[in-house]
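Here are the chains, one letter per residue:
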Amino acid sequence: MSLVVQKYGGSSVADAEGIKRVAKRIVDAKKNGHQVVVVVSAMGDTTDELIDLAEQVSPMPAGREFDMLLTAGERIAMALLAMAIKNLGHEAQSFTGSQAGVITDSVHNKARIIDVTPGRIRTALDEGNIAIVAGFQGVSADSKDITTLGRGGSDTTAVALAAALDAEVCEIYTDVDGVFTADPRVVKKAKKIDWISSEDMLELAASGSKVLLHRCVEYARRYNIPIHVRSSFSGLPGTWVSNEKPEPQGDQQVEHAIIAGVAHDVSTAQVTIRGVHDKPQVTARLFRALADAQLNVDMVDVKASPVWPDQADISFLIPRSEVHQALRAVEGVRPGIGYSWLGYNTEIAKLSLVGMGVRTTPGIAATFVEALSAEGVDVHLVASSGINIEAVVPEHQVDTAVRAVHTFFGLDRSAGEAKVYAGTGR
Ligand code: ADP
Ligand code: ASP
Ligand code: MG
């Protein structure tokens, strides 16, 4: 009997009706002869609401108690979903991440899965149950504390379980019909992609296309798990993400697009440090301090100070939620690196064009910058590496910028509009 893992995101289980609708889909998969493991996210915007609540109690909540709080969202959804399935006359059991054997490191709020031991899930399946697992959470191997995997982490739970259980496919159900050439909430003319390579998807996800989390794609690529992203609201086939191009069906060839799509990220901020001693060991000390604080920096820009000789201005991007940690880490090494000014800007966004054509086709950078200038977008920084070219732009101009690049690279659909079934885009 084949085993499928299905993951339902928050917008698919936003209310009691949503939970009952999803329960029917799950039961249908069981009736079609599959063993079914379901990973579920917290209902609707529950996680955001829990974060808002925590911030009212403590200005910078983080760590153990914050994770304990956030995992409650998924526990509510898993229990309700199991109840709804039982109400349809089928057996279901729900499990927390810890009970499902999702073992992580001890980094609270963004733990990494280091092992999956799904013994209880196997037993539940063998006894004829549908197994429901709370996404986005695990347990630390060292401290035995409950951890969370970072925002959107239920995608990673699903792929990790699919790998550990040797599933045939990992289906990610969401509020759009699949992966599009841009966020369909922003670009109505975006096209649904039938198949995308893991490499292109990894880059889109890392650049902000939150339809899949980049860690989940990384995991799927490593364990060679095919992902099928599709809507829980329509019965339509979605987007396949896999390492290998699918075999042609009849005379229908699947093309590997030169440009996969445009991604944008409004959850980023730019930190700038002026007047740093312009020596490699100084820059190294700065980035070591950020790394020791578990912070990932992006789009690093080092240039000679326009004001002082032998000094440099350094800027980098960091998730907005980590700006204060970054500032603390930089202030901590001030005696060693001797800067004159430290500041940050949260009113920026990053926009990326992704595809193998970025590496292989001449003139991509020219068209990219022409698209932005045609719409009067104020470009702060442009960088390109591998299959990605990206720009930092003012946040209020990012939607215009995404649409312009999408049009200039010929990605617009010729008719109709991309459909968004639910969700708030939060
Ligand atoms: P879920 O609650 O199911 O996890 P998410 O909100 O995390 O859903 O992800 C789905 C959303 O991702 C869509 O509603 C869409 O706004 C956004 N998105 C961003 N980029 C893309 C893209 N390239 N293709 C499809 N959706 C995208
Ligand atoms: N509920 C968590 C979040 O909103 C995890 C997820 O949805 O994947 O980030
Ligand atoms: Mg998600």
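Residues numbered from 1 in each chain as written. Chains lettered and ligands numbered in written order. Predicted model: local features only at pLDDT ≥ 70, side-chain atom pairs only at ≥ 80, totals over all residues. Heavy atoms only, no water.

Even after reading the chapter, I still don't get the packing of aromatic side chains, so can you show me in this structure?
Where two aromatic rings form a pair, the distance of their centres and the angle of their planes describe that pair. Per the counting criterion, the structure on display carries four aromatic pairs. When the ring of Tyr 8 is compared with that of Tyr 173, the centres are 4.7 Å apart and the planes differ by 10°; the resulting orientation is stacked. Placement of the pair is Tyr 8 in strand β1 (residues 3-8) and Tyr 173 in strand β9 (residues 169-174), with a sequence separation of 165 residues. For Tyr 8, a relative accessible area of 0% gives the class buried. Here the aromatic rings of Phe 233 and Tyr 421 are separated by 5.8 Å at their centres, their planes lie at 0°, and the arrangement is stacked. (Phe/Tyr/Trp six-rings, centres within 6.5 Å; stacked < 30°, edge-to-face > 60°. Helix = DSSP H or I, 4+ residues; strand = E, 2+ residues; numbered from the N terminus. Buried < 20%, exposed > 50% of the residue type's maximum accessible area, 1.4 Å probe, protein only.)

Looking at this structure, I do not really get the site of ligand 2. What am I missing?
As a structural note, the neighbourhood of ligand 2 is formed by Ser 41, Ala 42, Thr 47, Glu 74, Phe 136, Arg 151, Gly 152, Gly 153 and Ser 154. Glu 74 places a side-chain nitrogen or oxygen 2.7 Å from a nitrogen atom of ligand 2. One of the backbone nitrogen or oxygen atoms of Gly 152 is found 2.8 Å away from an oxygen atom of ligand 2. Taking 270 Å² as the accessible area of ligand 2 by itself, protein coverage stands at 87%. By residue class, the composition of the shell around ligand 2 is two nonpolar, five polar and two charged. (Near = heavy atom within 4 Å. Polar contact = N/O pair within 3.5 Å; in protein donor to acceptor, adjacent residues only side chain to side chain. Areas by Shrake-Rupley, 256 points an atom, 1.4 Å probe, with all protein chains shown as cover. Nonpolar A, V, L, I, M, F, W, Y, C, P; charged D, E, K, R; others polar.)

Any chance you could explain the sheet that holds strand β8 (residues 146-148) here in plain terms?
Pairing between the strands of a sheet comes from backbone hydrogen bonds, and it takes one of two forms, parallel or antiparallel. If you trace the four strands from one edge of the open sheet to the other, you get β5-β4-β7-β8, paired in mixed fashion. The two strands at the open ends of the sheet, each matched to only one other strand, are β5 (113-116) and β8. Across the sheet, the mean angle separating the axes of adjacent strands is 45° when strand polarity is ignored. With two bridges joining them, strand β4 (residues 102-104) and strand β7 (residues 137-140) adopt parallel strand pairing. Bridged to Ile 103 within β7 is Val 139. (Pairing = 2+ DSSP bridges. Axes fitted to C-alpha atoms, helices over the stretch in contact; angles between N-to-C directions.)

How should I be thinking about the sheet that holds strand β14 (residues 268-277) in this particular structure?
Read across the sheet, four strands follow the order β15-β16-β14-β17 without closing on themselves; strand pairing throughout is antiparallel. One side of each edge strand has no neighbouring strand; the edge strands of this open sheet are β15 (298-304) and β17 (341-345). Shown here is a sheet whose adjacent strand axes are inclined to one another by a mean of 15°, direction ignored. Bridging between β14 and strand β16 (residues 311-319) involves eight bridges; their strand directions are antiparallel. Looking across to β16, one finds that Val 276 is bridged to Ala 312. Sheet strands in contact with helix α8 (residues 280-292) are β14, β15 and β16, and its direction is about 20° off that of β16. With respect to the sheet, helix α9 (residues 323-332) is in contact with β14, β16 and β17, its orientation differing from that of β17 by roughly 170°. (Contact = heavy atoms within 4.5 Å.)

Can you help me understand the pattern of salt bridges in this one?
A side chain with one charge can pair with a side chain of the opposite charge if their charged atoms come near. Per the counting criterion, the structure on display carries 15 salt bridges. A salt bridge links Glu 218 to Arg 112; its shortest N-O distance comes to 3.9 Å. Of the two residues, Glu 218 is situated in helix α7 (residues 214-223) and Arg 112 in the loop between β4 and β5; the sequence distance between them amounts to 106 residues. Owing to a relative accessible area of 27%, Glu 218 belongs among the partly exposed residues under this scheme. The exposure class assigned to Arg 112 is partly exposed, which follows from its relative accessible area of 41%. In this structure, Arg 359 engages Glu 199 in a salt bridge whose closest nitrogen and oxygen atoms are separated by 3.5 Å. (Salt bridge = Lys/Arg side-chain N within 4 Å of Asp/Glu carboxyl O.)

It is not clear to me how the nonpolar core should be interpreted in this structure. Could you clarify?
It is characteristic of soluble globular proteins that their nonpolar side chains tend to be buried jointly. The biggest cluster of nonpolar side chains holds 46 residues, and the ones touching the most others in it are Val 5, Val 37, Ile 121, Cys 170, Met 201, Leu 212 and Ile 227. Here this core takes five residues from helix α5 (residues 154-164), the largest share from any one element. The contacts of Ile 227, once residues within four sequence positions are left out, are Val 159, Cys 170, Ile 172, Leu 212, Cys 216, Ala 220, Thr 239, Trp 240 and Val 241. Residues Ala 349, Val 358, Ile 364 and Leu 372 belong to the second largest nonpolar core, which totals 28 residues. (Core = buried A, V, L, I, M, F, W, Y, C linked by side-chain atoms within 4.5 Å.)

Read these as layout, nothing more, since geometry by itself doesn't imply function.
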